[in-house]
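The residues making up each chain are set out below.
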Amino acid sequence: MRWYVLGFPVMVVRMAATWRRLCIESGLAVTRRSKNVVLGGDLLVSGSELRPVVPRLGVPQPTPTGLRVRIRMQPGQTPAAFLAAADAMTHAWQAHAVRIVSPGRGWVLATATASDPLIGGGLGVVPRPARLLSAMVGRTEDGALWVLDFRVVPHWLVVGATRSGKSTLIASLVFALAPQPVALVGIDCKGGMELSLFEPRLSALARDRGEAAALLGAVLAETEARMATCREVGARSIWDLPEMLRPVPLVVLVDEVAELYLSDGSREGKQLSGACSTALLRIGQLGAALGVHLVVAGQRVGSELGPGVTALRAQLGGRICHRVNDEQTALMVLGDLSPEAVAVAQTISEDERGVAVTTVGGSWVRARSTHTTAEQARQTAVQFAKNTPELPGLVHAITEIREAA
Ligand SMILES: Nc1ncnc2c1ncn2[C@@H]1O[C@H](COP(=O)(O)OP(=O)(O)OP(=O)(O)O)[C@@H](O)[C@H]1O
Ligand SMILES: [Mg+2]
């Protein structure tokens, strides 16, 4: 309310007052020659003078967190010049951030956020969505809910330096999916430190690489069995199957993918990481239509982990980049999306835990996950333990390995 009554009009006045100078100083003005120029009272000078013409600013529309305004470009201008001037606009309008997009020919849309909506505590209790396989995990910079929808984007890559918020995001995801008829499967090779909190709601949990290889093998077998069922009935995905035959959707959560790929050099180690890598990649390739989804979290996802990682990354269409230590990592996660997203990801500071740059549609947004505490996670898992689908094939694969050890 305060924003609409006070903040918005003040920002509009600021925009109007600074627009011309801002355009001239940041190279957004074009120069036109005018034939006759009137100077002062009635003194007429003929000849030509260079006159800066600035792009036209539309009528600003308030949004819950800031405002939106259309800017009509002058002939010959391109959106790139406006992208470059976004910082100048941020300063001139005293906004938290200004983003420029170019939805149509001849004009750009500037979206200003008044203050950082991601500062402060988490969202608290997240409203639970009605749509199957869609999870609200936090909120985005423009004040909207941050939703991961696996029916739209089947697989996700979550990257960030240590303590940047990866596991907390996974916790929010489990929190949102736990009430739904969805099987959750965990792979946490740090001995299950993070994911064992959710064990009552997990259909299976692998705690080391041996177990992970066996579990991923079983998930792949399940995926292939689903494919066979679909083929038999002529369905293109599990969603086309009659309800009686439709298997439960399955989300595989991998916390710290490097543990799967990095080999200790031993033959057995190499074999295991090879098996994990192949299975993950196959699941990524086949899973989308078969209701088998991947969420892969890691500090780094470069080729130093092995050639399989690059191929896997290509399958993980959804990207979430928390604070990273180097540009290279941000590039790997967001580089194929937009150079601006890469730059923004690198500005996430150490005290902005849970803040990330993520993909939405073909675009990107800054967002912050809900702070789901260990205790909340544990309680949710217990509360919805009765919803845990039984997948004996997966459990069996792990117990076999455990007994053999
Ligand atoms: N959305 C959030 N809001 C507030 N605090 C958060 C948020 N996300 C994470 N944190 C804080 O940051 C800490 C580290 O987060 P988390 O364990 O998720 O990081 P991580 O990326 O998994 O680290 P690691 O690589 O070491 O496993 C958490 O204990 C929590 O206190
Ligand atoms: Mg973690």
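Residues numbered from 1 in each chain as written. Chains lettered and ligands numbered in written order. Predicted model: local features only at pLDDT ≥ 70, side-chain atom pairs only at ≥ 80, totals over all residues. Heavy atoms only, no water.

What about the domain arrangement of the protein?
Threshold: For the domains described, the bounds stem from an automatic or database domain assignment. When checking whether two residues touch, look at their non-hydrogen atoms; a contact exists if any pair is within 4.5 Å. What counts as buried area is the accessible surface, traced by a 1.4 Å probe, that two parts surrender upon association, with contributions from both included. The definition of a polar contact used here is a pair of N or O atoms within 3.5 Å, where within protein one atom must be able to donate a hydrogen and the other to accept one, and adjacent residues in sequence count solely through side-chain atom pairs. When residues are grouped by polarity, Ala, Val, Leu, Ile, Met, Phe, Trp, Tyr, Cys and Pro land in nonpolar, Asp, Glu, Lys and Arg in charged, and all others, Gly among them, in polar.
Per the domain assignment, the segments of the protein are domain 1 (2–113) and domain 2 (134–404). On a C-alpha basis, the centroid separation for the pair domain 1 and domain 2 is 44 Å. Counting from both sides, the interface comprises six residues of domain 1 and, opposite them, seven residues of domain 2. Between domain 1 and domain 2, roughly 510 Å² of surface is buried when both sides are summed, and carbon and sulfur atoms account for 45% of that area. Among the residues of domain 1 in contact with domain 2, Thr65, His96 and Arg99 are the three that bury the most area, contributing 68% of the side total. Counting every contact that joins domain 1 to domain 2 gives two residue pairs in polar contact (both at pLDDT 80 or more). A per-class count over the side of domain 1 that touches domain 2 returns two nonpolar, three polar and one charged.

Notes on the site of ligand 1
For clarity, the cut-off: It suffices for a single heavy atom of a residue to lie within 4 Å of a molecule or strand for the residue to be listed as near it. To be clear on the numbers: accessible area is Shrake-Rupley with a 1.4 Å probe, and residue cover counts the displayed protein chains and nothing else. Only DSSP runs of H or I with at least four residues qualify as helices, and only runs of E with at least two residues qualify as strands; both kinds are numbered from the N terminus onward.
Lining the immediate environment of ligand 1, one finds 16 residues, of which Thr162, Arg163, Lys166, Thr168 and Ser369 sit closest. In this structure, an oxygen atom belonging to ligand 1 sits 2.6 Å away from a side-chain N or O atom of Thr162. Interatomic distance of 3.2 Å between a side-chain N/O atom of Lys190 and an oxygen atom of ligand 1. Computed on the free molecule, ligand 1 has an accessible area of 630 Å², of which 82% lies beneath the protein chains in the complex. Per element, the largest residue contribution to the shell around ligand 1 is three residues, and it comes from helix H4 (residues 166–177). When its residues are assigned to classes, the shell around ligand 1 shows one nonpolar, nine polar and six charged.

As for the packing of aromatic side chains
Keep this limit in mind: Two aromatic rings, drawn from Phe, Tyr or Trp (for Trp, its six-membered ring), form a pair once their centres lie within 6.5 Å of each other, and the interplanar angle then sorts them: stacked below 30 degrees, edge-to-face above 60, tilted otherwise. The rule is simple: take the accessible area with a 1.4 Å probe, protein chains only, and divide by the maximum for that residue type; under 20% is buried, over 50% is exposed, in between is partly exposed. For a ring to carry a charge above it, either NZ of a lysine or CZ of an arginine must fall within 6 Å of the ring centroid while also lying within 35 degrees of the normal to the ring plane.
Scanning the model with the defined rule gives two aromatic pairs in all. Between Trp3 and Phe8 the ring centres are 6.1 Å apart and the planes differ by 70°, which places this aromatic pair in the edge-to-face class. Per residue, the accessibility class of Trp3 equals that of Phe8, and both read buried. Between the aromatic rings of Trp19 and Trp93, the centroid separation amounts to 6.4 Å while the plane-to-plane angle is 40°, which identifies the pairing as tilted. Placement of Trp19 in helix H1 (residues 2–25) and of Trp93 in the loop between helix H3 (86–92) and strand E6 (97–104) is noted, with a sequence separation of 74 residues between them. A relative accessible area of 0% places Trp93 in the buried class. In this structure, Arg70 is placed above the aromatic ring of Trp107, and the distance from its NZ or CZ to the ring centre is 3.5 Å. Between Arg151 and the ring centre of Trp239, over which it is positioned, the NZ or CZ distance is 3.8 Å.

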